[in-house]
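Spelled out, the chains give:
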Amino acid sequence: MKVIVIGAGVGGLVAAELFGKAGNEVIVFEKGGKDGWTYDWHDDVSRDIFAELGITIPKSEYFIKESWTFVTPDEKTELYVETPEETRDYSIERRGLAHILAERAQKVADIRFGTGAEALIIENDKVKGVIAGGEKHYADLVIDNSGVHSPFRASLPASYGVEREPDRNEVFHAYRGFHKRAEGSPDPRYTNKVYLKHLGEEGISWCILDPSGLVNILVGRIGSLPEATFRNAYQKLKESNPIIGDEVVRGGGVYAIPVRHPAMRFGGDGYALIGDSAFMTIPMMGSGIANSMLAASLLAEAVAKSGKADAETLWNYQVAYYKRVGAKHTGGDVMKRWMLTAKPEELDFLIGKGVINKNDMQSGSTGNDIALSFSAIMDKVKRAFPRIPLLLTLKGAVDNSKKAKKVASQIPENYDSDAIKAWENKVLAFFKK
């Protein structure tokens, strides 16, 4: 089988290695150059995925992430969510990880840096390959790892049923920059601070003092990040965090990240979505590296089992992904949207009074369920009184989140167009405007 991967992202590189090891002919087309095709910063990744895939990361490429502190919109409450060190994520250098994965993949695959895919080859209403470097390259399977705004989804035949573009409120635009620490600034009480609905706007900001001494800054907003919005948020973040200096050492750009449930269709005959192209992130935080690596493994396993890359086989890949993490993140998307629509003063009250507590924040930020047992509900009633209507709204969001997860987990296991469409409609009903 011949396999083409569009984009040398994390998921694409893992897929290239796994398909190559299985004896397939694999070509990766990456438009970026070999020395700078990936991001120059670190991101949090669940350590479990490396053990599952048998990938060893040198200690020089990561450190153990510190626990988060969540700050309310009015900045009067700082909720420190302590996580046991043995369960914390790795903060891994993206560039180092990409080079490790590329070196592994290059042993069994042809990675062509500086050559991007230009278009899909579509014949008889099916994907047959890509055009890259002005030439046609035919393949049995094209893996689209080109990002949240993949230009290839829009060119797919309508019969594939793949959505063209995410909605505005499903994409997070974030400034990422690593700044020098301001000279003489005092040590902060908390090193990893996340500002919820920062300045009352749709999004978050964070300030992290890295072990390296650099200050990791994020200012992100849903839909877009106008320059004036960024400048105002950055200035306010500096006022609250004197450690922030103005000199940018790494990063310094604005990037688009999907923050929504996974795609309802991961592809069709000869074409599979993976990573940000398939919206494989934790909706609350936008972290998707571990999900992309897992998806690569599940995709390779499904194709190896059937020996084909047809719609039925790729549906098996989607079913496996939804069963593992996709359904959970569909429920998480419901909670994310509730938080976006909640008024800043409502979050101030709910977190300030302990109605939303440390366990809730930890669950939401990792994509897990927020548990509301009877005793937990009664405790929250005491804390929320006399704002019971607000508590009921929160409980409604939690209940809908669980329902969305359950419906998403009931994905049809067999490839049946009518059953798939019915399931898709049931899931999307949770996200109608």
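Given the structure is predicted, the values throughout are model-derived calculations rather than measurements.

Brief notes about helix 5 (residues 289-306)
And step 1. With 18 residues, helix 5 ought to run about 26 Å at 1.5 Å a step, and its terminal C-alpha atoms sit 27 Å apart, in line with that.
And step 2. Within helix 5, 14 of the 18 residues are buried, which leaves the element mostly enclosed by the surrounding structure.
And step 3. One or two steps after helix 5, the chain reaches Gly-307, where phi turns positive at roughly 75 degrees.

Details of the pairing of strand 6 (residues 78-81)
And step 1. Residues Leu-79 and Val-81 point to one face of strand 6 and are all buried, whereas Glu-78 and Tyr-80, pointing to the other face, are not buried.
And step 2. In this sheet, strand 6 lies alongside strand 5 (residues 68-71) in antiparallel orientation, the contact comprising 4 bridges. Across the sheet, residue Trp-68 finds its bridge partner in strand 6, namely Val-81.
And step 3. Counted along the chain from strand 5 to the antiparallel partner strand 6, the turn is 6 residues long, and its residue Glu-75 has a positive phi close to 60 degrees.

Looking at the packing of aromatic side chains
And step 1. The tally for this structure, following the rule as stated, stands at 15 aromatic pairs.
And step 2. Ring plane angle 40 degrees and centroid distance 4.5 Å describe the contact between Tyr-175 and Phe-230, whose orientation is recorded as tilted. Taken together, the residues span a long stretch of sequence, with Tyr-175 in strand 13 (residues 171-181) and Phe-230 in helix 4 (residues 227-240) at a distance of 55 residues. As far as the burial class goes, Tyr-175 and Phe-230 line up, both buried.
And step 3. Members of the aromatic cluster, connected to one another through ring pairs, are Phe-266, Trp-315, Tyr-317, Tyr-321, Tyr-322 and Trp-423.
And step 4. Directly above the ring of Trp-41 sits Arg-176, whose terminal nitrogen or CZ lies 4.9 Å from the centroid.
And step 5. When the ring centre of Phe-349 is taken as origin, the NZ or CZ atom of Arg-387, which lies over that ring, is 4.9 Å away.

What to know about the sheet that holds strand 3 (residues 42-45)
And step 1. The 3 strands lie next to each other as 3-7-4, forming an open sheet whose pairing is antiparallel. The open sheet has two edge strands with one neighbour each: strand 3 and strand 4 (62-64). Averaged over all pairs of adjacent strands, the angle between strand axes in this sheet comes to 25 degrees, irrespective of strand direction.
And step 2. Taken together, the 4 bridges between strand 3 and strand 7 (residues 90-93) define a ladder with antiparallel strand orientation. Its bridge partner lying in strand 7, Asp-44 is registered against Ser-91.
And step 3. Packed on one face of the sheet, helix 3 (residues 94-106) meets strand 3 and strand 7 and runs near 70 degrees to strand 7.

Re the sheet that holds strand 13
And step 1. Strands sit in the order 6-5-14-15-16-13-17 across an open sheet of 7 strands; the sheet is mixed. Edge strands, defined here as strands with exactly one partner in the open sheet, are strand 6 and strand 17 (244-258). Recorded for the sheet is a direction-independent mean angle of 15 degrees between the axes of neighbouring strands.
And step 2. Note: strand 5 against strand 14 (residues 192-196), 3 bridges, orientation parallel.

Section: the nonpolar core
And step 1. If you look at the biggest cluster of nonpolar residues, it comprises 88 residues, and the most contacted ones within it are Phe-19, Phe-50 and Tyr-317.
And step 2. No other element matches the 11 residues that helix 5 contributes to this core.
And step 3. In this structure Phe-19 touches Val-3, Asn-24, Val-26, Leu-141, Ile-143, Leu-299, Ala-300 and Val-303, once residues within four positions along its chain are discounted.
And step 4. Ranked by size, the runner-up nonpolar core spans 32 residues in total, among them Phe-172, Trp-206, Val-259 and Val-398.

Topic: the side chain of Glu-30
And step 1. The residue Glu-30 is located in strand 2 (residues 25-30) in this model.
And step 2. Buried and without a salt bridge, Glu-30 has Lys-31 as its closest oppositely charged side chain, separated by 6.8 Å.
And step 3. In this structure the side chain of Glu-30 is engaged in a polar contact, spanning 2.7 Å, whose partner is the backbone nitrogen of Ala-8.

Focus: the layout of surface pockets
And step 1. Each pocket or cavity is described by its volume, and for the second largest pocket that value is around 330 Å³.
And step 2. Taken together, 16 residues form the lining of the second largest pocket, with Arg-337, Trp-338, Thr-341, Phe-430 and Lys-432 sitting closest to its centre.
And step 3. Looking at the lining of the second largest pocket, the elements with two or more residues in it are helix 6 (311-341) and helix 10 (388-409).
And step 4. Considering every element that reaches the lining of the second largest pocket, the biggest residue donor is helix 6, with 5 residues.
And step 5. Grouping the constituent residues of the lining of the second largest pocket by class yields 6 nonpolar, 5 polar and 5 charged.

Thresholds, definitions, all that
- Residues numbered from 1 in each chain as written.
- Predicted model: local features only at pLDDT ≥ 70, side-chain atom pairs only at ≥ 80, totals over all residues.
- Heavy atoms only, no water.
- Helix = DSSP H or I, 4+ residues; strand = E, 2+ residues; numbered from the N terminus.
- Expected span 1.5 Å × (residues − 1).
- Buried < 20%, exposed > 50% of the residue type's maximum accessible area, 1.4 Å probe, protein only.
- Pairing = 2+ DSSP bridges.
- Phe/Tyr/Trp six-rings, centres within 6.5 Å; stacked < 30°, edge-to-face > 60°.
- Lys NZ or Arg CZ within 6 Å of the ring centre and 35° of its normal.
- Axes fitted to C-alpha atoms, helices over the stretch in contact; angles between N-to-C directions.
- Contact = heavy atoms within 4.5 Å.
- Core = buried A, V, L, I, M, F, W, Y, C linked by side-chain atoms within 4.5 Å.
- Lys, Arg positive; Asp, Glu negative; His and termini not counted.
- Salt bridge = Lys/Arg side-chain N within 4 Å of Asp/Glu carboxyl O.
- Polar contact = N/O pair within 3.5 Å; in protein donor to acceptor, adjacent residues only side chain to side chain.
- 1 Å grid on protein atoms, 1.4 Å probe; cavity = no way out; pocket = protein on both sides within 12 Å on 5 of 7 lines; lining within 4 Å.
- Points joined across faces, edges and corners; volume = space filled by probe spheres on them.
- Nonpolar A, V, L, I, M, F, W, Y, C, P; charged D, E, K, R; others polar.

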